[in-house]
Amino acid sequence: MTDGLPMPVPDPQLPTRVRIYEVGARDGLQNEKETVPTEVKAEFIHRLAAAGLTTVEATSFVHPKWVPQLADAEALFTQVAGIEGVRLPVLVPNARGLDRALALGARDIAVFASATESFAKANLNRTVDEALAVFEPVVARAKAEGAQVRGYLSMCFGDPWEGPVPAAQVVRVCRRLLDMGCDELSLGDTIGVATPGQVASLLTDLNTEGIRTDRLGVHFHDTYGQALSNTLAALRHGVTTVDASAGGLGGCPYAKSATGNLATEDLVWMLHGLGIDTGVDLTALTATSVWMAEQLGRPSPSRTVRALSHKE
Ligand code: HMG
Ligand code: MG
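Everything in this summary refers to the structure shown in the same document. Just so it is clear, the model here is predicted, and its values are computed rather than measured. (Residues numbered from 1 in each chain as written. Chains lettered and ligands numbered in written order. Predicted model: local features only at pLDDT ≥ 70, side-chain atom pairs only at ≥ 80, totals over all residues. Heavy atoms only, no water.)

In this section: the side chain of Thr241. One can find Thr241 in strand β11 (residues 241-244). Within the structure, Thr241 has its side chain in polar contact with the side chain of Arg19 (distance 3.4 Å). For Thr241, the contacting residues outside a window of four places in its chain are Arg19, Tyr21, Arg150, Glu184, Leu216, Gly217 and Val218. (Helix = DSSP H or I, 4+ residues; strand = E, 2+ residues; numbered from the N terminus. Polar contact = N/O pair within 3.5 Å; in protein donor to acceptor, adjacent residues only side chain to side chain. Contact = heavy atoms within 4.5 Å.)

It is worth spelling out the pairing of strand β9 (residues 184-189) at this point. Counting buried positions along β9 gives 6 out of 6 residues, so the element sits mostly inside the fold. Burial along β9 is two-sided: the face carrying Glu184, Ser186 and Gly188 and the face carrying Leu185, Leu187 and Asp189 are both buried. With 4 bridges connecting them, strand β6 (residues 148-154) and β9 associate as parallel partners. Across the sheet, the residue bridging to Arg150 is Glu184, located in β9. As paired strands, β9 and strand β10 (residues 216-220) are joined by 5 bridges and run parallel to one another. (Buried < 20%, exposed > 50% of the residue type's maximum accessible area, 1.4 Å probe, protein only. Pairing = 2+ DSSP bridges.)

Taking 1.5 Å per residue, 13 residues should reach 18 Å; helix α2 (residues 38-50) reaches 18 Å between its end C-alpha atoms and fits that length. Taken together, the buried positions of α2 are occupied by Thr38, Val40, Lys41, Ala42, Phe44, Ile45, Leu48 and Ala49. Against β1 (19-22), α1 (24-28), β2 (55-56), α3 (73-80) and α11 (282-296) lie the buried residues of α2. (Expected span 1.5 Å × (residues − 1).)

Okay, structure coming up:
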């Protein structure tokens, strides 16, 4: 190790560059008990961008009663829009959410579907197919307005009510999301139960059904400490978009067993150790998560944040 950074030893089996899709400000903060002031969220996003993250999911234009933490979506988006060289995706659950996002000039939209009926009901108050029917015109309009559209798919591996999720359910909803025009998909392990063999197996099943790896990102929560191993399995399969949350913030308010996402610092430590380019300044990112932990009043769960911030 030199200067708090890992010694790069590349692995020729892996991609040379990975796009980190930062979700800390949205997935990370949506579940906080105390309200985080809009100015703090805005500073968080600005600092993430300054640390080299080029895709920083900002907020969700959802119903404020369903996710009170993100009720300031308009005010926040206005404070961060236009950061040079940074894409700022926002979640929209329906036409109302899309209207709100487009009115502020959002250029990156994400809809969020579920592979299971239980979570579709809990998270969107709809069946899986009802939610897809809501998304269809939303995606069409977002594309017509020139936006990039991501389709999240939750509960791809296990579901707290239904247990292990059959790959066929995941394949079916992925196909629908791509057919309606999503540019990319993000495969969510919402409650963090997946293990690497399951990840490789699902990616293979998706490929067999004609869904190309270059349309897929991965979104691992770290409940059982598997997020980094699962990411490595996905990278070995050719995935180059990985979702992560600075400092490991997070959880989903509608899936009680979900903890934070894979911590961006833990991901960056591994990727830089493998000689994989991310464009991220790990020192600046760690300082940002230490600062955010102070705002939230509790330490970051990220092992890398803790190791780097306790070095001196
Ligand atoms: P609903 O109660 O069925 O809503 O909720 P509705 O369509 O019946 O509308 C009821 C009222 O809400 C109406 O107002 C609408 O206008 C209003 P009224 O006419 O009664 O005055 N409304 C809205 N207001 C503001 N913004 C909107 C909006 N939509 C309706 N967008 C709804 C359905 C989808 C709205 C609700 O279930 C919801 O907002 N859900 C969001 C849940 C959420 O954000 N979950 C977390 C994100 S997903 C996640 O974390 C997983 C992920 O990280 C991947 C992974 O880990 O797996 C992405
Ligand atoms: Mg999530």
